[in-house]
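Results of the structural survey
Below are the chains, spelled out letter by letter.
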Amino acid sequence: MKNEKEETLAGWKIIWWLFKLFGFPITIPWLMYHFYDIMLQKRKKTALGNKVVMITGASSGLGEALAHTFYSLGCKIVLISRRKEELERVKNDLLNTHQTVPTYPPIVLSLDLTDINNLKNEVSKIIMIYDRIDILINNAGISYRGEVIDTNVDVDIKVMLSNYFSQVALSKIILPYMIEQKSGHIIGISSVQGRIAIPFRSAYAASKHALQAWYDTARAELCDKNIKFTVVNPGYIKTSLSLNALTGNGQVYGIMDKTTESGFQPKYVAECILKSVLKQEKEVTIASFSPKCAIILRTLFPSLYFWIMQKRARKLARDK
Ligand SMILES: NC(=O)c1ccc[n+]([C@@H]2O[C@H](COP(=O)([O-])OP(=O)(O)OC[C@H]3O[C@@H](n4cnc5c(N)ncnc54)[C@H](OP(=O)(O)O)[C@@H]3O)[C@@H](O)[C@H]2O)c1
């Protein structure tokens, strides 16, 4: 009869044998790939230093977090939005927070992106300073809360102008410079709602769906020009987006929604975006499990998705 010690030893021998059989062939290549990936990301991060990065909607929320992420790598940052004093605040924060980073002071460009005829003139100011734009992050946007039936069409147009046409117009102005310099990367901040539409967000979801289509087309057409396009679909982020959202009659919604309040930290989302830029990903969805499931459901079982959305619309209408 084997004693207890011998049995334990036999048990460990089996585990060791199993580890040699399955563990080594999986763990060793995985570890090697992991270390290789870390080194690669590090090298790519270093290569980002000195790149000219234009960030729209940089006065708050995700845009502000992106400014910190890219500035900390030594990028030359251009901060764009309407509120000049907020951009100056972000600029001072960048200078004070990353004092050891060797780069140029960020440039503040206060402009309304929906003033499309003015964009060319404003972009040329940056070109005069830096002679190039390497990365454009189309992040500025507004949200919307309302019912299809009583939303003034002016609101639909305003949301579309802010979230879609201004991004397209700015990209079209910058693309010729990128083509000339034979490189460039445009990042479009869309939303999970660029992939699925939910009740009471018609104008917002439509504008983000339109973005997705534009980027997919541009990526394909410009694939031989070394221009990269990344579409980012975040779930809820803890920012002022719902506070600044427009309602059906064009007024400001002014409420911090619970979903937004409990969303991802902007810094986390900015870090994920940086990773996808380094990996030159074509599309990235930064969201929790259920929005990701909803996207799959909408693609594979649309009837089921529509049924769930009908139930949701009825419930939300009742709870109002
Ligand atoms: N928060 C979320 O849950 C969430 C989820 C998915 C996607 N997103 C997307 O993330 C992006 C950033 O939004 P956020 O969450 O950070 O909200 P936010 O804090 O309200 O930021 C929006 C930014 O856009 C700028 N902006 C709006 N209209 C503009 C215009 N006409 N011209 C120039 N700048 C304009 C605002 O600056 P000024 O007011 O100074 O102009 C602000 O800096 C948006 O595209 C949004 O759709 C957000």
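Throughout this document, residue positions are counted from 1 along each chain, in the order its sequence is written. Two thresholds apply to this predicted model, a pLDDT of at least 70 for residue-level local features and 80 or more for giving and counting side-chain atom pairs, whereas whole-chain, interface and lining totals are computed over all residues.

On to the overall build of the protein chain, then. Secondary structure assignment for the protein chain yields 10 helices and 9 strands. Its C-alpha atoms give the protein chain principal-axis dimensions of roughly 90 × 55 × 40 Å. Once C-beta atoms are placed from the backbone, each residue is buried if 20 or more other C-beta atoms lie within 10 Å of its own, exposed if 12 or fewer, and partly exposed for counts between those two. Residues classed as buried in the protein chain amount to 33% of the 320 residues present. Residue pairs qualify as contacts under a 7 Å threshold applied to their C-beta atoms, which are placed from the backbone. In the protein chain, the proportion of contacts linking residues at least 24 apart, taken out of those at least 6 apart, comes to 74%. Only runs of H or I of at least four residues qualify as helices and only runs of E of at least two qualify as strands under DSSP, and these elements are numbered from the N terminus.

What follows deals with the UniProt feature "transmembrane region" (unreviewed entry) in the protein chain. Mapped onto the present numbering, the UniProt feature "transmembrane region" (unreviewed entry) falls at residues 14-36. Secondary structure across residues 14-36 divides into 100% helix and 0% strand, with the first and last C-alpha atoms of the span separated by 32 Å. UniProt positions are given in the numbering used here, feature names are shortened, and annotations may be inferred rather than shown by experiment.

What follows covers the sheet that holds strand β4 (residues 135-138). Think of it this way: DSSP has to see at least two bridges between two strands before they count as a pair. Strand order across the open sheet formed by 7 strands is β3-β2-β1-β4-β6-β7-β9, with parallel pairing between neighbours. Two strands bound the open sheet, and with one partner strand each, they are β3 (107-110) and β9 (283-286). Strand-to-strand, the axes of this sheet are offset by a mean angle of 15 degrees, without reference to chain direction. Comment: axis = line fitted to C-alpha atoms, over the contacting stretch for helices; angle = value between 0 and 180 degrees taken between N-to-C directions. The strands touched by helix α2 (residues 61-71) within the sheet are β1 (52-56), β2 (76-81), β4 and β6 (184-189), with β1 carrying the most contacts at an inclination of about 170 degrees.

What follows concerns the packing of helix α5 (residues 153-180) against helix α6 (residues 202-221). Contact pair α5 / α6: the axes reach a minimum separation of 9 Å and the direction vectors enclose 25 degrees. Considering the angle they form, α5 stands roughly parallel to α6. Remark: the crossing between α5 and α6 carries right-handed chirality. Contacts between α5 and α6 involve V155, D156, V159, M160, N163, Y164, Q167 and V168 from the former and A203, Y204, S207, K208, A210, L211 and W214 from the latter. When the residues that make up the contact of α5 with α6 are grouped by side-chain class, the tally is 10 nonpolar, 3 polar and 2 charged. Roughly parallel means an angle under 35 degrees; roughly antiparallel, over 145; roughly perpendicular, 65 to 115; everything else is oblique. Whether a crossing is left-handed or right-handed is set by the direction in which the near helix is turned from the far one by less than a right angle, anticlockwise for left-handed and clockwise for right-handed. Side-chain classes follow a simple rule in which Ala, Val, Leu, Ile, Met, Phe, Trp, Tyr, Cys and Pro form the nonpolar group, Asp, Glu, Lys and Arg form the charged group, and the remainder, Gly included, forms the polar group.

Moving on, we get to the domain arrangement of the protein chain. Domain ranges listed in this record stem from an automatic or a database domain assignment. What the domain assignment lists for the protein chain is domain 1 (1-48), domain 2 (51-287) and domain 3 (290-320). Distance from the C-alpha centre of domain 1 to the C-alpha centre of domain 2: 42 Å. The partner domain 2 presents 4 residues to the 4 residues of domain 1 that form the contact. Here the side of domain 1 that touches domain 2 is built from residues that sort into 1 nonpolar, 1 polar and 2 charged.

Residues are classed as near a molecule or strand if the C-beta position derived from their backbone is within 6 Å of it. In the vicinity of the ligand there are 30 residues, among which G57, G61, R82, G141 and T239 approach most closely. Of the residues that constitute the shell around the ligand, the class distribution is 9 nonpolar, 17 polar and 4 charged.

Below, the discussion takes up the packing of α2 against helix α8 (residues 266-278). The interhelical angle for the contact between α2 and α8, taken along N-to-C directions, is 55 degrees, at an axis separation of 8 Å. Classed by the angle they form, the pair α2 and α8 counts as oblique. As α2 packs across α8, the resulting crossing turns out to be right-handed. In this structure, α2 contributes G61, L62, E64, A65, L66 and T69 to the contact, and α8 contributes P266, K267, V269, A270, E271, I273 and L274. In terms of residue class, the contact of α2 with α8 is built from 8 nonpolar, 2 polar and 3 charged.

This next bit is on helix α1 (residues 4-48). Note that bend, as reported per residue, equals the angle between axes fitted to the 7 residues terminating at that residue and the 7 residues originating from it. Taking the largest bend as the criterion, α1 deviates by roughly 55 degrees, centred on G23, and proline P25 comes between one and four positions later. In terms of burial, α1 is largely open, as just 0 of its 45 residues are buried. Taken from the residues just after α1, N50 is the one with a positive phi, measuring 80 degrees.

Moving on, we come to the pairing of β2. Taking burial as the measure, the 6 residues of β2 include 6 buried ones, the bulk of the element. Two elements, β1 and β2, share 5 bridges in a ladder whose sense is parallel. Bridged to T56 within β2 is I80. Considered for its hand, the β-α-β crossover made up of β1, α2 and β2 is right-handed. Taken together, the 4 bridges between β2 and β3 define a ladder with parallel strand orientation. A clockwise course of the path from the first strand over the helix to the second, judged with the strands pointing away from the viewer, identifies a crossover as right-handed.

This paragraph deals with the nonpolar core. Note on terminology: a nonpolar core is a set of buried residues of type Ala, Val, Leu, Ile, Met, Phe, Trp, Tyr or Cys, with members joined through C-beta atoms within 7 Å. With 54 residues, the main nonpolar core has V53, M54, I55, L66, A67, I77 and L79 as its most contacted residues. Leaving out residues up to four positions away in the same chain, I77 has contacts with V53, I55, A67, F70, Y71 and P106.

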